[in-house]
Amino acid sequence: MLNQLTISELAAKLASREVSAREATQACLDQIARVDGKIHAFLSHNTVDALAQADAADKAISSGAKKPLLGIPIAVKDVLAVKNQPLNCGSKILGNFISPYDATAIEKLKAAGAIVFGRLNMDEFAMGSSTENSAFGVTKNPWDITRIPGGSSGGSAAAVAADEAIATLGTDTGGSIRQPAALCGVVGLKPTYGRISRYGLVAFASSLDQIGPLTKDVRDAATLLGVMSGVDPRDSTSVPQPVPDYVAALDGNIKGLKLGLPSEYLIGGLDPEVKAAVDAAVKQYEKLGAEIVEISLPHTDYAVATYYIVATAEASANLARFDGIRYGLRVEAKDPTELYRQTRGAGFGAEVKRRIILGTYVLSSGYHDAYYLRAQKVRTLIRNDFLKAFETVDAIVTPTTPTAAFKIGEKSDDPLQMYLSDIFTISCNLAGICGVSLPCGFTKSPKLPIGLQLLGKPFGEKTLLKLAHAYEQSTAWHQEKPPLAPAG
Ligand code: GLN
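A.B. asks: Mind showing me how you'd approach the nonpolar core here?
C.D. replies: Proteins that are soluble and globular tend to have nonpolar side chains buried together. Counting residues in hydrophobic clusters, the biggest one holds 142 residues, and the most contacted among them are Leu69, Leu109, Phe125, Phe386 and Leu454. Examining the composition of this core, we find that nine residues originate from one element, helix α9 (residues 303–318), more than from any other. In contact with Phe125, other than residues within four places in its own chain, are Cys89, Ser91, Ile93, Leu94, Val202, Phe204, Leu319, Phe322, Phe348 and Val352. Among the nonpolar cores identified, the runner-up in size contains eight residues, and Val160, Ile177, Ala181 and Leu214 belong to it.

A.B. asks: Is there a simple way to explain the environment of Val76 in this structure?
C.D. replies: Note that Val76 resides in strand β2 (residues 73–77). For Val76, a relative accessible area of 0% puts it in the buried group. Considering only alpha carbons, one finds Val76 and Ser156, 80 residues apart in sequence, at a separation of 6.8 Å. Once you skip the residues sitting within four places of it in the chain, Val76 turns out to touch Val82, Ile106, Val116, Phe117, Gly118, Arg119, Leu120 and Leu169.

A.B. asks: Just checking my understanding: could you explain a nonpolar patch on the surface for this structure?
C.D. replies: A grouping of Tyr361, Tyr367 and Tyr371 is seen on the molecular surface, where their side chains present a nonpolar patch of about 280 Å² in accessible area. With a relative accessible area of 37%, Tyr367 lands in the partly exposed category.

A.B. asks: Can you help me understand the pattern of salt bridges in this one?
C.D. replies: When the charged atoms of two side chains with opposite charge come close together, those side chains can pair. Counted according to the given criterion, the structure contains 20 salt bridges. A salt bridge links Asp55 to Arg22; the shortest N-O distance between them is 2.8 Å. Taken as a pair, Asp55 in helix α3 (residues 47–62) and Arg22 in helix α2 (residues 21–39) lie far apart in primary sequence, 33 residues in all. Since its relative accessible area comes to 37%, Arg22 is described here as partly exposed. Notably, a salt bridge pairs Lys334 with Asp335, separated by 3.7 Å at the nearest N-O pair. It is possible to trace a salt-bridge network through shared partners that takes in Glu107, Asp232 and Arg234.

A.B. asks: In this structure, what is going on with the packing of helix α4 (residues 104–111) against helix α7 (residues 218–228)? I would like to understand it.
C.D. replies: Two numbers describe a pair of packed helices, the interaxial angle and the distance between the axes. Orientation of α4 relative to α7, taken along the N-to-C sense of each, is 110°, at an axis distance of 8 Å. In this view, α4 runs roughly perpendicular relative to α7, as classed from their interaxial angle. Contacts between α4 and α7 involve Ala105, Lys108 and Leu109 from the first element and Leu224, Val227 and Met228 from the second. Residues that form the contact of α4 with α7 fall into these classes: five nonpolar, no polar and one charged.

A.B. asks: Sorry if this is basic, but what is going on with the packing of aromatic side chains here?
C.D. replies: One pair of aromatic rings is described through two measures. These are the centre distance and the angle between the planes. Summed over the entire model, instances satisfying the criterion amount to 17 aromatic pairs. An aromatic cluster is present here, built from Phe97, Phe125, Phe322, Tyr327 and Phe348 joined pairwise through their rings. Directly above the ring of Phe406 sits Lys411, whose terminal nitrogen or CZ lies 4.5 Å from the centroid. The ring of Phe442 is capped by Lys447, whose NZ or CZ atom sits 4.6 Å from the centre of that ring.

A.B. asks: What am I meant to see in the site of the ligand here?
C.D. replies: For the ligand, the set of nearby residues contains 15 residues, the closest of which are Gly174, Ser176, Tyr307, Arg355 and Asp422. In this structure, an oxygen atom belonging to the ligand sits 2.6 Å away from a side-chain N or O atom of Tyr307. Asp422 places a polar side-chain atom, nitrogen or oxygen, 2.6 Å from a nitrogen atom of the ligand. Considering the ligand on its own, with 290 Å² of exposed area, one finds that the protein chains cover 100% of that surface. Grouping the amino acids of the shell around the ligand by side-chain chemistry returns five nonpolar, seven polar and three charged.

A.B. asks: Is there a simple way to think about the pairing of strand β11 (residues 449–456) in this case?
C.D. replies: For a regular strand, side-chain orientation follows a simple rule: the groups alternate between the two sheet faces. Summarising burial for β11: eight of the eight residues are buried, a large majority. Going residue by residue along β11, you find Pro449, Gly451, Gln453 and Leu455 tucked away on one face and Ile450, Leu452, Leu454 and Gly456 tucked away on the opposite face as well. Here strand β9 (residues 395–399) runs beside β11; their pairing, made up of five bridges, is antiparallel. Bridge pairing links Ala395 to Gly456 in β11. Sheet topology note: the strand β10 (residues 434–442)/β11 ladder contains eight bridges and is antiparallel.

A.B. asks: Help me understand the packing of α9 against helix α12 (residues 369–389), please; the structure alone is not making it clear to me.
C.D. replies: α12 packs onto α9 with a crossing angle of 125° between their chain directions and a minimal axis gap of 9 Å. As far as their axial angle goes, α12 and α9 are oblique. Read as a crossing pair, α9 and α12 show a hand that is left-handed. Residues Ala303, Thr306, Ile309, Val310, Ala313 and Glu314 of α9 touch α12, and the partners they reach there are Tyr371, Tyr372, Ala375, Gln376, Val378, Arg379 and Ile382. Residues that form the contact of α9 with α12 fall into these classes: nine nonpolar, two polar and two charged.

Quick notes on the rules
- Residues numbered from 1 in each chain as written.
- Predicted model: local features only at pLDDT ≥ 70, side-chain atom pairs only at ≥ 80, totals over all residues.
- Heavy atoms only, no water.
- Core = buried A, V, L, I, M, F, W, Y, C linked by side-chain atoms within 4.5 Å.
- Buried < 20%, exposed > 50% of the residue type's maximum accessible area, 1.4 Å probe, protein only.
- Helix = DSSP H or I, 4+ residues; strand = E, 2+ residues; numbered from the N terminus.
- Contact = heavy atoms within 4.5 Å.
- Patch = residues over 30% accessible without salt bridge, like charges linked within 9 Å, V, L, I, M, F, W, Y side chains within 5 Å.
- Areas by Shrake-Rupley, 256 points an atom, 1.4 Å probe, with all protein chains shown as cover.
- Salt bridge = Lys/Arg side-chain N within 4 Å of Asp/Glu carboxyl O.
- Axes fitted to C-alpha atoms, helices over the stretch in contact; angles between N-to-C directions.
- Parallel < 35°, antiparallel > 145°, perpendicular 65-115°, else oblique.
- Nonpolar A, V, L, I, M, F, W, Y, C, P; charged D, E, K, R; others polar.
- Phe/Tyr/Trp six-rings, centres within 6.5 Å; stacked < 30°, edge-to-face > 60°.
- Lys NZ or Arg CZ within 6 Å of the ring centre and 35° of its normal.
- Near = heavy atom within 4 Å.
- Polar contact = N/O pair within 3.5 Å; in protein donor to acceptor, adjacent residues only side chain to side chain.
- Pairing = 2+ DSSP bridges.
- Left-handed = near helix turned anticlockwise from the far one by under 90°.

Structural data, given as structure tokens:
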């Protein structure tokens, strides 16, 4: 089945003319027709447009064009602007908004030849860990449709796991790529802050947000990172660091690399099966020649609290633009103030409102110094913990999540429990470093994927991916398919 292939496998078949981009795209569309009624990873997709892009790719291939993603169907999270496609951010507030332009990351995918199709479900404005906060219904985990796929990029992870796209894009503000990747059994990479331009990514928390790939293997993550990285004059926080050849770095040789094991990550709520899988992965790394070093990240305990101050403060400012005047939904009222109130009241869901209220509070005069300013200081302490650790280790290894996928509804009434499911992923965003989640096992009954997280130095994606790839290639976890995908 063509839809089950990785980017590198499909690219080889396209280049040798064994298959066409139209056949590959059709295979993804057929899979969507077959399984998405159960999974609900997609909010929408345009079949005619996807096939037209595929035909253009086939034409380019037959005229000898060579591009890294030529003819590869890639679907994107509903928070990224794709010209002439809907852009809703999993929210009602944008109404029938159609994006008039491409995000820089999308522009780069298209320039590399990708077929960019489909809008993937997400927690509203990327606020959540389960996709239950989508205004358009929950996405189901392909491994067990009574369970959540993680979030906020739940649609992106589920679509890859269910082979509805060859790869997808997500965004990660506090774990939203890595956590759903872990819970759906795929690879998810959050690049260093500044590695990929955020232009055309609808902002949640601007100092934390990053775009990244969700893929079937590490090589594909490296390919997409290489295509999307680089400085962009339209995003002043993108960094003019050279973009290395990430794929060439995947040489399997990790002898002598040092992996840090933080003592603070052995928390009470860590599921024994998750712990066992991560312990086994650490042993595997030793076998492969890596050196394991115990490290300490002493300010870890403060990460979740710090994040929920910084992220909500930034969100309250960013989401002020949805006022019913400039674009999206409008609820008419007698005066502008009432129009704002009615529009925002009707357009935003409960979690988004909770965050706006919290963020407005921590920024308000009298509380700003006690909350926001203090959180910024703690954020620096958290970053310094990592920079200090990286003086002695090349990367840090942790579980991605404390448990495997939970049941739909299990945590939706308890925001604090939901926030705690990101306990291992949040520090990475506060520190601005890079991180990846990759499959490292399954729970027994029910059989659910477990994710291993590797955290790397700022702009250390090369080493991070090399480490991830070496482990992946010495195990078979990434080759397992959920029961929904038809065999062979
Ligand atoms: N789950 C976290 C939150 O709700 C992280 C979300 C994200 O990374 N976008 O904010």
